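Understanding the architecture of this molecule
Residues per chain are reported as follows:
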Amino acid sequence: MHPTIEQYQNQFARFFGAERAFAFWKGRVALYALLRTLDVGQGDEVILPGYTCVMNVNPIKYVGAKPVYVDIEPATFNIDVNLLEEKITATTKIIIAQHTYGYPCDMDPILDIAQRHGVSVIEDCCLAFGSQYKGRIVGTLGRAGYFSFQWNKPYTTGLGGMVITSDKQLAGRIETLQADEMCSPSLREIFMLSAQLLIYRLLVYPRTTALAQSLFRYLTRKGAVVGSSDKSEFEPSKAKDFFKGAGAMQARSGLRQLRRIEQNISHRINMARLYDEILASIGYKSRDYDKTVITPVMVRYPVRITEKEKALGEAAKAGIELGSWFECPLHPIETPLASYDYTIGMCPEAEKAGREVVNLPLHPRADAGTVKKSADFITGFSHASS
Ligand SMILES: *Cc1c(COP(=O)(O)O)cnc(C)c1O
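The following refers to the structure shown. Owing to the predicted nature of the structure, the values given are computational and were not obtained by experimental measurement. (Residues numbered from 1 in each chain as written. Predicted model: local features only at pLDDT ≥ 70, side-chain atom pairs only at ≥ 80, totals over all residues. Heavy atoms only, no water.)

**Topic: the packing of aromatic side chains**
Using the following cut-off: We call Phe, Tyr and Trp rings a pair once their centres come within 6.5 Å, taking the six-membered ring for Trp, and we label the pair stacked below 30 degrees between planes, edge-to-face above 60, and tilted otherwise. Runs of H or I in DSSP of at least four residues are treated as helices and runs of E of at least two as strands, each being numbered from the N terminus. A 1.4 Å probe rolled over the protein chains alone gives each residue an accessible area, and that area as a share of the maximum for its type sets the label: buried under 20%, exposed over 50%, partly exposed in between. Two thresholds decide whether a charge sits over a ring: the Lys NZ or Arg CZ must be within 6 Å of the ring centre and within 35 degrees of the ring normal.
Inspection of the entire model under this criterion finds 26 aromatic pairs. For the pair tyrosine 62 and phenylalanine 242, a centre-to-centre distance of 5.2 Å together with 75° between the ring planes defines the contact as edge-to-face. Within this pair, whereas tyrosine 62 is found in helix H3 (residues 54–62), its partner phenylalanine 242 is found in helix H8 (residues 239–242), the two being separated by 180 residues in sequence. Each member of the pair, tyrosine 62 together with phenylalanine 242, is buried. Taken together, the ring pairs in this structure connect Tyr8, Phe12, Phe15, Phe16, Phe129, Phe147, Phe149 and Tyr155 into an aromatic cluster. A cation over a ring is seen here: lysine 291 above tyrosine 289, with NZ or CZ 4.8 Å from the ring centre.

See below:
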């Protein structure tokens, strides 16, 4: 293993107070490694919220298991624990507790239900870096946690993923799997990713995000950039290529991000509070969660509105960095959901959220001015009541 990757893993684990951290090429590869080492395979079931991205579902299908979707509770967009237990069957192996937008899941009842049924809980922390549940940092509450460093996550290394765990046996199994099957990124992939990060740093500041996004999409379609969603990656013939470790370049970039992680986290907390204040001061609905239980570190600030399409159309023109995910239960795939074992109507709250929720910037370049302007823009649209 490259010493920089080792250093990155160690510092990452130390930040979380976890025993071990394992770096991967992408977040979905981190999830795949967990499914493999937790013996999830043909005929097994994996429970996850019906408000997720298809990158979470693909690794489940890839190991031959079946995704089982639980609807979300409207305030935090996380698994509705009241609907969880009824989804558990004799073949349930794993519950994925996805901390959506940065809101921690209600972990106590989830862990309790899991324990009673002999099921493992793993935490999807891709959108929640530093969030706390009852004073404990998310990623350390379940058997393992996984992260993504793709470019709209709490911090980015272009692409990237990580697993953390304090379960020694599981860590040992991940090491064995890595030794047996993991490949390294190719020189071409590393070169392309470096170029992508460079373009990202040059172009992505609030005003040009829409432009940068279209440029990225264009380049990705042309095959000039290492895409984060390569349709062919889940073809069985590509199996060996999919299970890929991180490169030293990602580790260097990640170490830089870790050095300023405290600022990143406090900035997100402060700017989210500023959104709360501005929205509340004009009688618009702000975040609604139990402050005595959770301290969310949000990746973006979600708001429900009635005219989502219109807002998205006008945002680009107004220079507002308005995000829209998740747009459907398995973002960004609208059809065919059946091949992902989802049927429309399965998770009505998730589908409603998909129609209503947009999100506002909180990243390190979004300052108080950006927040005021974004809040001002969004309150020009009617709030949709959850
Ligand atoms: C981005 C994301 C993933 C997948 O991460 P990749 O690095 O793109 O593979 C998984 N879960 C959630 C909630 C995400 O937002």
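**Observations concerning the environment of aspartate 39**
Under the convention used in this document: The contact definition used throughout considers only heavy atoms, calling two residues in contact when any of these lie within 4.5 Å. Polar contact is the term for a pair of N or O atoms within 3.5 Å; when the atoms are in protein, one must be able to donate a hydrogen and the other to accept it, and sequence-neighboring residues count only if both atoms are side-chain atoms.
Tracing the chain through its elements places aspartate 39 in the loop between helix H2 (27–37) and strand S2 (45–49). In sequence terms aspartate 39 and lysine 93 are 54 residues apart; their C-alpha atoms lie 8.4 Å from each other. Not counting the four nearest positions on each side in its chain, aspartate 39 is found in contact with Asp44, Lys93 and Arg173. At 3.1 Å, the side chain of aspartate 39 and the side chain of arginine 173 are in polar contact.

**Here's the deal with the sheet that holds strand S12 (residues 161–165)**
Selection rule: Any two strands with at least two DSSP-identified bridges between them are counted as paired. Axes here refer to lines fitted to C-alpha atoms; in helices the fit is confined to the stretch in contact. Angles between the N-to-C directions go from 0 to 180 degrees.
Across the sheet, seven strands lie side by side as S1-S12-S11-S8-S7-S2-S4; this open sheet has mixed pairing. Looking at which strands have only one partner, the edges of the open sheet turn out to be strand S1 (20–24) and strand S4 (66–70). Here the strands of the sheet are splayed against their neighbours by 25° on average, with no regard to which way each runs. For strand S8 (residues 120–124) and strand S11 (residues 144–148), the ladder comprises three bridges, and the chain directions are parallel. Counted as the bridge partner of aspartate 124 is tyrosine 146 from S11. Where helix H1 (residues 3–16) meets the sheet, its contacts fall on S1, S11 and S12, and the angle it forms with S1 comes to roughly 130°.

**Some thoughts on H2**
In terms of burial, H2 is a largely internal element, ten of the eleven residues being buried. What H2 keeps buried is the set Gly27, Arg28, Val29, Ala30, Leu31, Tyr32, Ala33, Leu34, Leu35 and Thr37. Downstream of H2 by a residue or two, aspartate 39 has a phi angle that is positive, lying close to 60°.

**Observations regarding the pattern of salt bridges**
To be explicit about the condition: Here, a salt bridge means any Lys or Arg side-chain nitrogen found within 4 Å of an Asp or Glu carboxyl oxygen.
Under the defined criterion, the tally for this structure stands at 18 salt bridges. Close ionic contact of arginine 300 with glutamate 321 constitutes a salt bridge, the shortest N to O distance being 3.3 Å. In this pair, arginine 300 sits in strand S14 (residues 300–304) while glutamate 321 sits in the loop between helix H11 (308–318) and strand S15 (330–331), placing the two residues 21 residues apart along the sequence. Both residues of the pair, arginine 300 and glutamate 321, belong to the buried class. Among the ionic pairs, arginine 304 bridges to glutamate 356, the shortest N-O distance being 2.9 Å. Taken together, the positions of arginine 304 in strand S14 and glutamate 356 in helix H12 (residues 348–356) put the pair 52 residues apart, joining distant regions of the chain. Members of the salt-bridge network, linked through shared partners, are Glu85, Asp112 and Arg116.

**Here we look at the site of the ligand**
Our working rule: Proximity is defined per residue: any heavy atom of the residue falling within 4 Å of a molecule or strand makes that residue near it. With residues, only the protein chains shown are counted as cover, and all accessible areas are computed by Shrake-Rupley using a 1.4 Å probe. In the scheme used here, Gly and all other residues not listed as nonpolar or charged are polar, with Ala, Val, Leu, Ile, Met, Phe, Trp, Tyr, Cys and Pro taken as nonpolar and Asp, Glu, Lys and Arg as charged.
Around the ligand, a shell composed of 13 residues is seen, among which Gly27, Arg28, Asp124, Ser148 and Lys153 lie nearest. A distance of 2.7 Å is found between an oxygen atom of the ligand and a backbone nitrogen or oxygen belonging to glycine 27. Within the side chain of serine 148, a nitrogen or oxygen atom sits 2.7 Å from an oxygen atom of the ligand. Burial of the ligand by the protein amounts to 98% of the accessible area it has alone, namely 380 Å². For the shell around the ligand, the secondary-structure elements that each account for two or more residues are H2 and H3. The residue inventory of the shell around the ligand, partitioned by class, reads four nonpolar, five polar and four charged.

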